[in-house]
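Read off the chains here:
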Amino acid sequence: MNGRSVVMRRGLAASVALLLIFLAAWQWGPGLLGVPSFIVPSLSMVAVEFVHAWQVNHLLFHTSVTIAEVMAGFALGSLLGAVVGYLLGMSPTAEFALSPYILALQIAPKVAFAPLFILWMGFTVYPKILVAILIVFFPVMVNVLTAVRNVDPDLINLARSFKATRAQIFWKIEFPTSMPPMFAGLRIGSTLAVIGVVVGELVGGNMGLGYLLTFGEGQANTPMVFVSIVMLTAVGGLAYLAVIIVERHILHYLPARGVRGDF
Amino acid sequence: MSGSPISDVRRLEYRNVTMRFAPTRGRDVLTAVRGVSFSVRDGEVVSLIGPSGCGKSTLLSIGSGLTAPSEGEACVDGARLEGPNAEVALMLQKDLLLPWRTVAENVMLGVEIQGMPLPERKQRAQELLSNFNLAEFSNHYPHQLSGGMRQRVALARTLAVDPHVLLLDEPFSAVDAQTRIVLQRELAQTLQRAGKTALLITHDLAEAVTLSDRVLVMSRRPGTIIDEITIDMPQRDNPIARRHDPKVNDYVARLMDRLDIAHASLDQVPAGDAA
Ligand SMILES: Nc1ncnc2c1ncn2[C@@H]1O[C@H](COP(=O)(O)OP(=O)(O)OP(=O)(O)O)[C@@H](O)[C@H]1O
Ligand SMILES: [Mg+2]
């Protein structure tokens, strides 16, 4: 316990120091190295642009749109991924029949579908959500599928020896067993959802941080591009954090996995 | 004899059981056991010993109704098994505790599946846990327990469904020698007190002798029963006392002879075949 808290305190101090060094390098580095500000604007220029974008360019609105799309895409994509994962996990025949198509879809770069979806659904939020659904679907499905496949057959037999029904075996054994791998999939999915949404916004529309990014680009406003990137990182971080908080709550029974085992 | 009330009622019976497994890649049809017949009477504890891979676990699985034999039948209380039976409960070498359930919730698994109302099953779990000196751990998670304690919880879970027959597959082989002796005594006392019928698989010959009324010896695969030795010793509920009886050594020596351990070499045990 004591050794652990020493590690944590030292680690935290080093983390903060690294952050300060990074921010300082951002602020003064470009000037010292003679990099023009339209290539890499300094920290203070980005901060000024942040305030400007907040007041003039509806930064809050665009961020909210992106967050809403990420949430919708993540929720639907992971739900769909989990359901399909469980169904395929329980039916080897279905998995055998579908696996080549699933593999093909998994290999296809999902973001490449964005222009197509925009052709289908126009400049609305829906194509963005759809890209996110598609991209979140796979890590969740694959993890759930493997988890269901790898449930210890002796555990299933134990439940069967108590005369468990198929549904009881699922809810009491298979579903809880699949939770840790499913959360591993959800973590990956939470960051991928942001990527899916942004690509959708970059391709077309007039809302969201991706749009703001292309807007800044069109005006050669490099600080605005940076502001958008920072905000997107923050959105991704929030999504990841949300998954971890839920995971900690649900997987509370797992033994602690080390100092920063969650990252 | 052992002083336990063993009646003539046949609780568990194997009638001419043969088990074949379908051929797998590079292997012909595998006959695990052939023509096995024996019965376990009400209140009796019978041990099954035999070389690795001779089909002991297969027989247990058939007795639990999880596996159907290729030929013959297994009967519980005279009725042919067609699937898992509420009167039979299984305990394996692995404790198979569910990590997301507390100790008490793990003990309740079987009765929960069988639909016992919550207050009743809570009470049953508490009773069993206090019997096994685990009451203070009822809200712990399995990973917080030692191997011996986990195995005790598994035994409590097996007893919670109040089965007539317990099928035990090397239940203590994964715990250390001292804990094993304690667990053996607890099992012996529980079986005696509740008058349970048990079929115990073990590789530990002294365990077989000290815990049982009778020991069945199996041959190498395809497994058949080659000998049956009645343990004519008192105090079946006190294996530690039995261990002090020199008769145990005679029985163990006889079992070793029957198993031909002196002449068996490792290459006769098919590698990677042990299940
Ligand atoms: N589901 C199965 N499919 C194919 N072969 C099997 C299956 N189950 C068991 N066997 C084979 O049947 C034989 C008997 O297995 P079993 O597990 O009953 O042996 P055992 O006597 O319990 O061995 P051990 O003492 O090592 O536990 C082994 O050769 C094993 O490989
Ligand atoms: Mg075995």
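Computed from a predicted structure; not experimentally measured. (Residues numbered from 1 in each chain as written. Chains lettered and ligands numbered in written order. Predicted model: local features only at pLDDT ≥ 70, side-chain atom pairs only at ≥ 80, totals over all residues. Heavy atoms only, no water.)

**Observations regarding helix α9 (residues 209-218) of chain A**
All names here are of chain A. Definition in use: Each residue gets one of three labels from its accessible area relative to the maximum for its type: buried under 20%, exposed over 50%, partly exposed in between, using a 1.4 Å probe on protein chains only. For the purposes of this entry, the term helix denotes a DSSP run of H or I that reaches at least four residues, the term strand denotes a run of E that reaches at least two, and both are numbered from the N terminus. As used here, the arc is the angular range of directions from the helix axis to the C-beta atoms. By definition, residues are in contact when any of their heavy atoms lie within 4.5 Å.
Regarding α9, the residues found buried are Leu209, Gly210, Leu212, Leu213 and Gly216. Buried residues in α9, looked at end-on, bunch into an arc of 160°, giving them a common side. Elements in contact with the buried residues of α9: α3 (59-90), α8 (166-203) and α10 (222-250).

**Looking at the pairing of strand β3 (residues 45-49) of chain B**
Residues and elements named next belong to chain B. To keep it simple, the criterion reads: Only strands joined by at least two bridges in the DSSP assignment are considered to pair.
For β3, the buried fraction is high: 5 of the 5 residues fall into the buried class. The alternating pattern of β3 places Val45, Ser47 and Ile49 and Val46 and Leu48 on opposite faces, both of which are buried. Here β3 pairs with strand β8 (residues 197-201) via 4 bridges, running parallel. Paired with Ser47 across the two strands is Leu200, which belongs to β8. Pairing of β3 with strand β9 (residues 214-218), which is carried by 4 bridges, proceeds in the parallel orientation. Within the sheet, the bridge partner assigned to Ser47 lies in β9 and is Val215.

**Here we look at the domain arrangement of chain A**
Using the following cut-off: Here the limits of each domain have been adopted from an automatic or database domain assignment.
Domain assignment breaks chain A into domain 1 (1-35) and domain 2 (42-250). The straight-line distance from the C-alpha centre of domain 1 of chain A to that of domain 2 of chain A is 30 Å.

**Comments concerning the interface of chain A and chain B**
Stated formally: Note: buried area is the sum, over both parts, of the accessible area (probe 1.4 Å) each one loses when the two are combined. Here, a salt bridge means any side-chain nitrogen of Lys or Arg that lies within 4 Å of a carboxyl oxygen of Asp or Glu. We call two N or O atoms a polar contact when they sit within 3.5 Å, provided that within protein one can donate a hydrogen and the other can accept it, with sequence-adjacent residues counted only if both atoms are side-chain atoms.
Counting from both sides, the interface comprises 20 residues of chain A and, opposite them, 22 residues of chain B. Buried surface at the junction of chain A and chain B, both sides included, amounts to about 2,000 Å², of which 68% is carbon and sulfur. Considering only the surface of chain A that becomes buried against chain B, Phe162, Lys172 and Tyr253 of chain A emerge as the three largest contributors, covering 36% of it. A salt bridge links Lys94 of chain B to Asp152 of chain A; the nearest nitrogen and oxygen atoms lie 3.0 Å apart. Run the count over chain A and chain B and you get 6 residue pairs in polar contact (both at pLDDT 80 or more). For the side of chain A that touches chain B, the element with the most residues is helix α7 (residues 153-161) of chain A, which contributes 7 residues.

**Considering the sheet that holds strand β1 (residues 10-21) of chain B**
Residues and elements named next belong to chain B. Operational definition: Note on method: axes are straight lines fitted to C-alpha atoms, helices fitted across the in-contact stretch only, with angles between N-to-C directions ranging 0 to 180 degrees.
Pairing in this open sheet of 4 strands is antiparallel, and the strands run β2-β1-β4-β5 from one edge to the other. Two strands close off the open sheet at either side, each with one partner strand: β2 (30-41) and β5 (79-80). With 2 bridges connecting them, strand β4 (residues 71-76) and β5 associate as antiparallel partners. Paired with Cys75 across the strands is Arg80, a residue of β5. Against the sheet, helix α1 (residues 56-63) touches β1, β2 and β4, its axis set at about 125° to β1.

**Concerning the nonpolar core**
Condition: Joining through side-chain atoms within 4.5 Å is the link that ties buried Ala, Val, Leu, Ile, Met, Phe, Trp, Tyr and Cys residues into a set, and such a set is a nonpolar core.
Ranked by internal contacts, the top residues of the largest apolar core, which has 112 residues, are Tyr14, Leu59 and Leu199 of chain B. It is α8 of chain A that provides the largest number of residues to this core, a total of 11 residues. Once you skip the residues sitting within four places of it in the chain, Leu199 of chain B turns out to touch Leu12, Tyr14, Phe38, Val40, Val46, Leu48, Leu60, Leu166, Leu167 and Leu168 of chain B. Within the second largest apolar cluster, 15 residues are counted, among which are Val209, Val217, Tyr251 and Leu259 of chain B.

**Brief notes about the packing of helix α5 (residues 114-121) of chain A against α8 of chain A**
All names here are of chain A. Short version of the rule: Should the near helix be turned anticlockwise from the far one by less than a right angle, the crossing is left-handed, and should it be turned clockwise, the crossing is right-handed. For this classification, Asp, Glu, Lys and Arg are treated as charged, while Ala, Val, Leu, Ile, Met, Phe, Trp, Tyr, Cys and Pro are nonpolar and the rest, including Gly, are polar.
Relative orientation of the contacting elements α5 and α8 amounts to 60°, with a least axis distance of 9 Å. In this structure, the crossing between α5 and α8 has a hand that is right-handed. Residues Ala114, Pro115 and Ile118 of α5 touch α8, and the partners they reach there are Val199, Gly200 and Val203. Grouping the amino acids of the contact of α5 with α8 by side-chain chemistry returns 5 nonpolar, 1 polar and no charged.

**Examining the packing of aromatic side chains**
Here is the rule we go by: Pairing of aromatic side chains here covers Phe, Tyr and the six-membered ring of Trp, requires ring centres within 6.5 Å, and sorts the geometry by plane angle: under 30 degrees stacked, over 60 edge-to-face, intermediate tilted.
Under the criterion given, the structure shown has 15 aromatic pairs over all chains. With a centroid separation of 5.1 Å and 90° between ring planes, the pair formed by Tyr86 of chain A and Phe170 of chain A is classed as edge-to-face. Remark: Phe170 of chain A occurs in helix α8 and Tyr86 of chain A occurs in helix α3; sequence separation between them is 84 residues. Judged on exposure class, the residue Tyr86 of chain A and its partner Phe170 of chain A are both buried. Relative to Tyr141 of chain B, the ring of Tyr253 of chain A lies with its centre 6.5 Å away and its plane at 35°, an arrangement referred to as tilted.

**Some remarks on the site of ligand 1**
All names here are of chain B. Here is the rule: Neighbouring residues are identified by heavy atoms, a residue being near a molecule or strand if any of them is within 4 Å of it. Per-residue and other accessible areas were derived by the Shrake-Rupley procedure at a 1.4 Å probe size, with only the shown protein chains allowed to occlude residues.
Close to ligand 1 lie 16 residues; Ser52, Lys56, Ser57, Thr58 and Arg221 are nearest. Separating an oxygen atom of ligand 1 from a backbone N or O atom of Gly55 is a distance of 3.0 Å. Side-chain polar atom of Arg221 to an oxygen atom of ligand 1: 2.4 Å apart, as the coordinates give it. Bound to the protein, ligand 1 loses 80% of the 630 Å² it would expose on its own. Looking at the shell around ligand 1, the elements with two or more residues in it are β2 and α1. The dominant element in the shell around ligand 1, judged by the number of residues it contributes, is α1, at 3 residues. In terms of residue class, the shell around ligand 1 is made up of 6 nonpolar, 6 polar and 4 charged.

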